[in-house]
Structures are given as structure tokens and as C-alpha cells.
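What the coordinates show
Here are the chains, one letter per residue:
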Amino acid sequence: MGGNVGQAGIHTYQSLDEDGPSDAGKPPKRSTGRLVMHSMAMFGREFCYAVEAAYVTPVLLSVGLPKSLYSLVWLLSPVLGFLLQPVVGSVSDHCQSRWGRRRPYILSLAIMMLLGMTLYLNGDAVVSALVTNPRRKLVWAITITMMGVVLFDFAADFIDGPIKAYLFDVCSHQDKERGLHYHALFTGIGGALGYLLGAIDWAQLELGRVLGTEFQVMYFFSTLLLSVCITIHLCSIPEAPLGDAAEDSRLEQTLQYPLLSSVKVSEHGSIEKVSNSHASLELAGGKRNSAAEQTQGAMTMKSLLRALGSMPPHYRYLCISHLIGWTAFLSNMLFFTDFMGQIVYGGNPYSPHNSTEFLIYQRGVEVGCWGLCINSVFSSLYSYFQKMLLSYVGLKGLYFMGYLLFGLGTGFIGLFPNIYSTLVLCVLFGVMSSTLYMVPFNLIAEYHREEEEEKEKQQATRKGPDSSERGKGVDCAALTSMVQLAQILVGSVLGFLVNMAGSVVVVVITASTVSLIGCCFVALFVRYVD
């Protein structure tokens with residue numbers, strides 16, 4: 001802000017963070033250390049996801065969950081997430097907390113994740129200690145474990161949106177790109193570490209004997225790692241509270257555009273026509289509506305649905321492409337270990353547990369877990385190479401290549417199942433994973449930058465937009481909610497397809513087909529900013 005930095009009442013990003021000088025009203029350049037700290041949330045989240053993927057099925061089987069309730073467990077969380085995620089995004093856009101808009105929600109969702117893990121990894125042990133009646137024990141164990149799984153999935157799915165919006169709020173466009181690369185990198189590392197620790201036979205080690213069971217060992221590591229990672233994340237980059245940021249915007253308008261006395265900049269980015277005298281008082285004195293009135297106007301479901309309904313076509317197409325990508329990816333990943341056990345190894349999960357066929361199936365599942373670990377490791381490596389590929393092929397090339405390689409790889413695995421070729425082709429799962437975590441959010445950042453530049457041009461020519469802009473939280477939440485919608489589609493459709501075909505091969509072929517359709521969609525419909 002130049003010579004105006006010392007004026008009373010003006011709070012810039014520089015006053016919050018000493019990473020470097022910044023233009024007026026714009027975030028400063030963030031150091032690599034700050035961006036790595038910000039990425040720790042994705043590391044902890046993905047580690048806990050990997051632990052859930054490795055242990056939730058054994059936990060559910062151990063408590064005696066009926067097969068009729070399996071679909072309820074896997075569908076309830078994504079249904080809630082799909083319905084509520086945009087609402088939470090809108091609420092965080094207008095949060096008045098002095099701690100910032102996003103961090104209170106990130107902390108709350110992290111606590112919910114910890115509570116969910118506590119319930120599903122320890123619920124059976126706690127119920128066994130407190131309840132002696134066998135029937136009541138079974139009912140309470142199933143209930144608490146289901147509650148834990150649903151709560152964890154719900155919070156872990158939700159937390160991604162506020163984390164991305166937090167990054168977009170406090171970083172310049174260049175740092176957003178760097179931050180997304182670090183997010184993808186540490187997502188892969190966290191998943192790989194979670195799968196590796198899950199593959200260790202803790203019952204044979206001292207820590208397993210001390211804590212009791214492998215479930216308690218993984219609970220210890222998960223809670224410790226998630227707590228540390230979320231703490232580091234929340235301390236990474238300070239947020240300017242919404243009220244302060246809005247006041248800065250108005251004062252900047254007075255200092256930089258003194259002729260714009262006929263417009264008023266609202267707290268949420270919109271520009272409203274007012275009388276000259278009233279506008280001058282508003283801009284000079286920093287008056288604003290009460291937080292309660294603003295929140296009431298912003299939080300109504302009607303206004304939220306209107307904002308989502310009026311989403312520009314290029315945002316809508318990006319959401320559709322994200323839905324296609326996650327549908328293909330989840331179709332393969334959720335059934336991959338079962339595919340390895342039944343098709344690649346030729347085992348039978350329905351045989352007696354002491355039979356050769358069942359032991360062969362178990363071996364295939366274990367090797368499938370190593371394949372998922374390969375996916376996570378290569379996802380991290382590819383996220384690093386993406387930065388170099390970006391300057392050659394652009395976001396369109398990265399997006400198209402991710403879908404194409406995944407579609408061809410899963411198609412080959414489905415048509416020619418083989419142990420070694422399947423494990424090698426797991427690296428292509430990592431390409432898709434990194435693509436889904438990085439490219440769509442980079443496009444969102446490009447769209448936001450384009451809108452901000454257009455807004456600055458309109459302000460410079462004294463032409464304010466007619467309507468208020470959508471918050472970044474709503475856009476990130478709308479994109480992230482496609483993951484929950486993909487889970488709903490996969491959970492409700494693929495089981496039917498497997499029963500119709502009589503083989504899980506149809507799952508891999510479906511993933512390949514959907515991914516190749518996605519290739520055409522991202523090439524023809526998704527808009528890329530030059």
C-alpha cells in the first residue's frame with residue numbers, strides 16, 4: 001500500500017504475514033515452507049483415509065454388521081455430503097470469526113474426523129467392556145461403529161473444500177498453483193504411509209502387544225498424525241477476518257479510485273449503486289451492515305440455490321468433468337482389491353475361511369493393497385513432474401492425459417488380468433489421482449483470477465457489476481461435492497452391474513469406459529484460460 005501502510009485502521013496482508021512485500025490489497029508471495037505447512041492437512045487427511053480403506057471392512061465384519069446394511073454405511077455419508085457441502089461452503093464464505101473464514105470450519109471438521117475414528121476403531125472394545133448382554137452388545141457395537149464410519153467419511157469429504165478455499169483466499173495466483181502441487185504431493189505421501197503402516201503385522205511387535213490390537217495401534221498413529229498435521233496447517237498462513245478484509249477493500253477504493261464516489265463496495269465483493277453523499281460517508285467512515293443482517297441475507301437456501309443455479313457454464317462443465325473423473329476412479333479403486341483376489345489370483349471370498357480358495361483370495365487382497373500403495377507413491381511423484389509438464393502441455397494436456405492414461409490402463413487390466421502387469425499399471429492410477437486433486441482446482445483458480453481482473457477493469461472504468469460475485473467457498477464446495485455424487489453413483493449402480501455380469505471384471509471395464517468418455521468431455525467442453 002506504499003505510503004498509506006502506516007495509516008490507522010488499514011490492515012493489510014503484510015501486517016499479518018511478513019513473507020514479503022505485496023501489492024495493495026493483494027496477498028504477498030508465500031514461502032515454500034508456508035505452502036508445505038498448509039499442505040500438511042492433506043497429508044493427515046489422506047493418511048486417515050488409507051487407514052480407513054485398510055481397516056474399515058475388517059472392523060465392520062468383526063462387529064457382525066449384516067450385509068443388508070453395507071449399502072447404508074457407504075451411501076449415507078456421500079448423500080449428506082452432496083446435499084450439505086455447498087451450504088457449508090456458503091456459510092464459510094460469510095463467516096465473521098476473527099480467526100478467519102475457513103479455519104474454524106477446518107478445525108471443527110478435523111475434530112469430527114477424530115471422533116469418527118474413535119468410534120469405528122474403538123467402539124467394539126468400549127462396548128465389550130461396558131455391556132455384558134450379548135444381544136445388546138451386538139446392537140450397540142454395530143450402531144457405534146456405523147456412526148463412526150459415517151461421521152469420519154462425512155467430515156473427511158467435507159474438509160477438502162474449506163482447505164482449498166483457504167488456500168485461494170490467502171495466496172496469489174502463482175502461489176495457488178504451487179500450493180495445489182504441494183497438496184497433491186503430500187496427499188500421495190500420506191496415502192502411501194497409511195497403506196504401508198496398515199500392511200505391518202502389529203500383533204507381532206511390542207507396540208501391538210502394549211496397545212492391545214492392530215486397530216488401537218492404527219488409531220494411535222492416526223489421531224497423533226492428524227492432530228499434528230491440522231495444527232501445523234492452521235498455523236501456516238494467517239487469514240484476514242472478513243470484516244477487516246471488507247474494510248480494507250473500501251478504504252483502498254477511496255485511496256486508489258477517488259472518483260468512484262457513486263459506488264459502494266459491499267463486504268462480499270459486490271458493488272452497489274448509491275447516492276454520492278451516502279457513498280462518501282460509507283467509504284470514508286467504513287460503515288457496514290451488521291454481521292447478523294449480512295449472514296441472514298447470505299445464508300438462505302434460496303439465495304444459495306440461486307447462486308448455484310446461476311453458475312456460469314464453464315463452472316458447470318468443470319463440475320461435470322470432475323464427476324466423470326471421480327466416477328471412473330472410484331469404480332476402480334473401491335473394488336480393486338476384490339478384483340485382485342477374485343480375477344487376478346482366482347480366489348473365492350465365499351469359500352470356507354480355512355480353504356485354499358479363500359487363502360488365495362486373501363493373498364490377492366494383500367497384493368491389491370500394495371498396488372494401492374504404488375498408486376499413492378506415484379501420485380506424489382507425478383504431482384512433482386506436473387509442474388514441469390504444465391509449461392509444455394498446459395492444463396488441458398494434463399487433464400486429457402490423466403483421463404486417457406487411466407482409461408487405457410484400466411481397460412488393459414480388465415481385458416488381460418495378470419499379477420505383474422496389473423501392479424505396473426497401478427502407476428497410472430497415481431496419474432489419475434494427482435490429476436483429479438490438482439487440475440480442476442487449478443482451473444477454478446484461473447477462473448477466479450480472470451473474474452478478478454475483469455472486476456478491476458470495471459472498477460478502473462467506473463463500471464461496477466450488476467450482481468454480487470459468488471464466494472470462492474461455494475465454487476470449491478460445488479466442485480468437491482461431485483466426489484460425493486460419484487460415490488452415490490458408484491455405490492448404487494456398480495453392485496447391480498456386478499450381480500448382472502456375475503464378475504467384478506465389469507467394474508474395471510466400466511471405469512475404463514467412463515474415463516475414456518471423460519477424455520472427450522474435457523477436450524470438448526471444459527474451458528481453459530489462455
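Preceding this section is the structure that the text describes.
Residues numbered from 1 in each chain as written. Predicted model: local features only at pLDDT ≥ 70, side-chain atom pairs only at ≥ 80, totals over all residues. Heavy atoms only, no water.

1. Quick word on the overall build of the protein
- Regarding its fold elements, the protein presents 19 helices and two strands.
- Within the protein, buried positions represent 51% of all 530 residues.
- When contacts within the protein are restricted to residue pairs at least 6 apart in sequence, those whose partners lie at least 24 apart make up 79%.
- Here the protein displays about 23300 Å² of accessible surface, and carbon together with sulfur accounts for 65% of that area. (Helix = DSSP H or I, 4+ residues; strand = E, 2+ residues; numbered from the N terminus. Buried < 20%, exposed > 50% of the residue type's maximum accessible area, 1.4 Å probe, protein only. Contact = heavy atoms within 4.5 Å. Areas by Shrake-Rupley, 256 points an atom, 1.4 Å probe, with all protein chains shown as cover.)

2. Examining the packing of aromatic side chains
- Overall, the coordinates contain 18 aromatic pairs when judged by the stated rule.
- An angle of 65° between the planes, with centres 6.0 Å apart, marks the rings of Tyr120 and Phe152 as edge-to-face. One end of the pair, Tyr120, is in helix 4 (residues 103–130); the other, Phe152, is in helix 5 (residues 134–158), with 32 residues separating them in the sequence.
- By relative accessible area, Tyr120 is classed as buried at 1%.
- Given the relative accessible area of 0%, Phe152 is considered buried.
- Every member of this aromatic cluster is reached through a ring pair, and the members are Trp326, Phe329, Phe336, Phe406, Phe429 and Tyr437.
- Taking the ring centre of Phe441 as reference, the NZ or CZ of Lys164 above it sits at 4.7 Å. (Phe/Tyr/Trp six-rings, centres within 6.5 Å; stacked < 30°, edge-to-face > 60°. Lys NZ or Arg CZ within 6 Å of the ring centre and 35° of its normal.)

3. Things to note about the packing of helix 6 (residues 160–170) against helix 17 (residues 419–460)
- The N-to-C vectors of helix 6 and helix 17 enclose an angle of 45°; their axes lie 12 Å apart at closest approach. Comparing their axes, helix 17 and helix 6 come out oblique. Taken as a pair, helix 6 and helix 17 cross one another with a handedness that is right-handed. Taking contact as the criterion, the partners of Asp160, Lys164 and Phe168 in helix 6 are, on helix 17, Tyr437, Phe441, Ile444, Ala445 and His448.
- Among the residues forming the contact of helix 6 with helix 17, the class breakdown is five nonpolar, one polar and two charged. (Axes fitted to C-alpha atoms, helices over the stretch in contact; angles between N-to-C directions. Parallel < 35°, antiparallel > 145°, perpendicular 65-115°, else oblique. Left-handed = near helix turned anticlockwise from the far one by under 90°. Nonpolar A, V, L, I, M, F, W, Y, C, P; charged D, E, K, R; others polar.)

4. Here we look at the packing of helix 14 (residues 313–333) against helix 17
- With their axes 11 Å apart at the nearest point, helix 14 and helix 17 run at an angle of 170° to one another. It follows that helix 14 is roughly antiparallel to helix 17 by the angle criterion. In this structure, helix 14 uses His314, Tyr315, Leu318, His322, Gly325, Trp326, Phe329, Asn332 and Met333 to contact helix 17, whose residues at the interface are Phe429, Met432, Ser433, Leu436, Tyr437, Pro440, Leu443, Ile444, Tyr447, His448 and Glu451.
- Among the residues forming the contact of helix 14 with helix 17, the class breakdown is 13 nonpolar, six polar and one charged.

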